[in-house]
Structure formats: C-alpha cells, structure tokens
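Summary of structural features
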Amino acid sequence: MRLTSDMFVSALLRRVSASGGFGAIIRRGHREAGAVFILERSRNGETALYGPAPQIVYAEAKPDERCFSRITVSQNAEEIEKKLESEVRFDTDIWAVEIEPGAVGLGEMITIAQ
C-alpha cells in the first residue's frame with residue numbers, strides 16, 4: 001500500500017530535520033494523491049527540482065514506492081519557480097516541499113531514478 005501524499009511529505013520533513021537539515025511545505029496539494037515536487041537548496045546556491053519519475057522507471061518489486069527524477073538544476077531561483085508554476089498550471093493538486101539537507105543527502109531519503 002502506498003503512503004498518502006501528506007504522510008509521505010510529513011515523513012520526509014521529519015527525516016530532513018533529524019539529519020540536521022531544514023524543510024518546509026511551500027504548497028499543500030491533495031491530501032491523498034497529490035504529486036510531490038521537491039526543491040533541494042544546496043549550500044553553494046544551486047537549487048534542484050525533483051518531481052515524480054515516469055511510470056516506466058518503477059521497479060516491479062516495489063511498485064508502491066515513490067520514485068523521483070531530477071527535472072532541472074539552476075543557480076537562478078526564478079527559473080526553478082517558473083518551472084514549478086508551470087507544473088501547478090498543469091496540476092493544481094501538487095505538493096511542493098523545499099529542503100536544505102543536513103548530514104544525510106536527499107538521495108538517501110528518497111528514491112531518485114537515474
């Protein structure tokens with residue numbers, strides 16, 4: 001059984017906080033099934049935007065696990081915000097979570113498709 005979007009986001013924020021990082025919800029989506037987008041801000045000023053991976057990358061062994069793919073990386077925060085706004089125009093039920101990872105990297109907290 002797949003976790004609801006609000007439960008997934010809550011668990012992610014707890015993991016980020018427990019690792020010494022910072023996380024915040026910047027947009028609340030549909031409680032049960034809203035797509036989750038993650039903005040990862042690094043200490044060098046880069047921002048990466050991750051979104052749901054295409055269905056083809058999901059492993060048959062773990063079909064209920066959420067998998068993400070990197071959409072874009074930029075030093076320009078406005079570019080990332082425009083991309084996120086375009087996603088909102090496509091689907092108004094999305095979640096947007098901004099994080100600054102601590103001791104544990106994002107790749108250890110979520111599944112990122114290659």
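Please refer to the structure higher up on the page.
Residues numbered from 1 in each chain as written. Predicted model: local features only at pLDDT ≥ 70, side-chain atom pairs only at ≥ 80, totals over all residues. Heavy atoms only, no water.

The sheet built from six strands is open, its strands ordered 1-5-2-3-4-6 with mixed pairing. Two strands bound the open sheet, and with one partner strand each, they are strand 1 (22-27) and strand 6 (111-112). Where strand 1 and strand 5 (residues 95-100) come together, five bridges link them in antiparallel fashion. Each bridged residue has a counterpart across the sheet, and for glycine 23 the counterpart in strand 5 is isoleucine 99. Against the sheet, helix 2 (residues 77-90) makes contact with strand 1, strand 2 (36-41), strand 3 (47-52), strand 4 (67-74) and strand 5, and its axis sits at roughly 140° relative to strand 4, the strand it touches most. (Pairing = 2+ DSSP bridges. Helix = DSSP H or I, 4+ residues; strand = E, 2+ residues; numbered from the N terminus. Contact = heavy atoms within 4.5 Å. Axes fitted to C-alpha atoms, helices over the stretch in contact; angles between N-to-C directions.)

The next thing to look at is the pattern of salt bridges. A side chain of one charge can pair with a side chain of the opposite charge if their charged atoms are brought near each other. Under the criterion given, the structure shown has three salt bridges. Between aspartate 6 and arginine 31 there is a salt bridge whose closest N-O contact spans 3.2 Å. Placement of aspartate 6 in helix 1 (residues 5-18) and of arginine 31 in the loop between strand 1 and strand 2 is noted, with a sequence separation of 25 residues between them. For arginine 31, a relative accessible area of 58% corresponds to the exposed category. For arginine 41, the salt bridge identified is with glutamate 98, shortest N-O distance 2.5 Å. With a gap of 57 residues between them, arginine 41 in strand 2 and glutamate 98 in strand 5 connect regions that are remote in the sequence. (Salt bridge = Lys/Arg side-chain N within 4 Å of Asp/Glu carboxyl O. Buried < 20%, exposed > 50% of the residue type's maximum accessible area, 1.4 Å probe, protein only.)

A separate point is helix 2. For the α-helix, the turn length of 3.6 residues means that residues three or four positions removed from each other point alike. Taking 1.5 Å per residue, 14 residues should reach 20 Å; helix 2 reaches 20 Å between its end C-alpha atoms and fits that length. You can read the cap of helix 2 off the contacts: a side-chain oxygen lies 3.0 Å from the backbone nitrogen of glutamate 78, and it is on asparagine 76. (Expected span 1.5 Å × (residues − 1). Polar contact = N/O pair within 3.5 Å; in protein donor to acceptor, adjacent residues only side chain to side chain.)

Mapped onto the secondary structure, serine 74 falls in strand 4. On the accessibility criterion, serine 74 (9% relative accessible area) is buried. A polar side-chain atom of serine 74 sits 3.2 Å from a polar atom in the side chain of glutamate 79. Those residues in contact with serine 74 that lie beyond four places of it in its chain are Gly45, Glu46, Thr47, Glu79 and Ile80.

Moving on to the packing of aromatic side chains. Overall, the coordinates contain one aromatic pair when judged by the stated rule. On the numbers, 5.8 Å between centres and 25° between planes, the contact of phenylalanine 8 with phenylalanine 68 is stacked. One end of the pair, phenylalanine 8, is in helix 1; the other, phenylalanine 68, is in strand 4, with 60 residues separating them in the sequence. Per residue, the accessibility class of phenylalanine 8 equals that of phenylalanine 68, and both read buried. Here arginine 66 stacks its cationic end above the ring of phenylalanine 8, 5.1 Å away from the centre of that ring. (Phe/Tyr/Trp six-rings, centres within 6.5 Å; stacked < 30°, edge-to-face > 60°. Lys NZ or Arg CZ within 6 Å of the ring centre and 35° of its normal.)

Extensive coverage of strand 2 is indicated by the burial of five of its six residues. Here strand 2 runs beside strand 5; their pairing, made up of five bridges, is parallel. Looking across to strand 5, one finds that glutamate 40 is bridged to isoleucine 99. With four bridges connecting them, strand 2 and strand 3 associate as antiparallel partners. Pairing of leucine 39 across the sheet is with leucine 49, part of strand 3. Adjacent in sequence and paired antiparallel, strand 2 and strand 3 are bridged by five residues, among which glycine 45 carries a positive phi angle near 95°.

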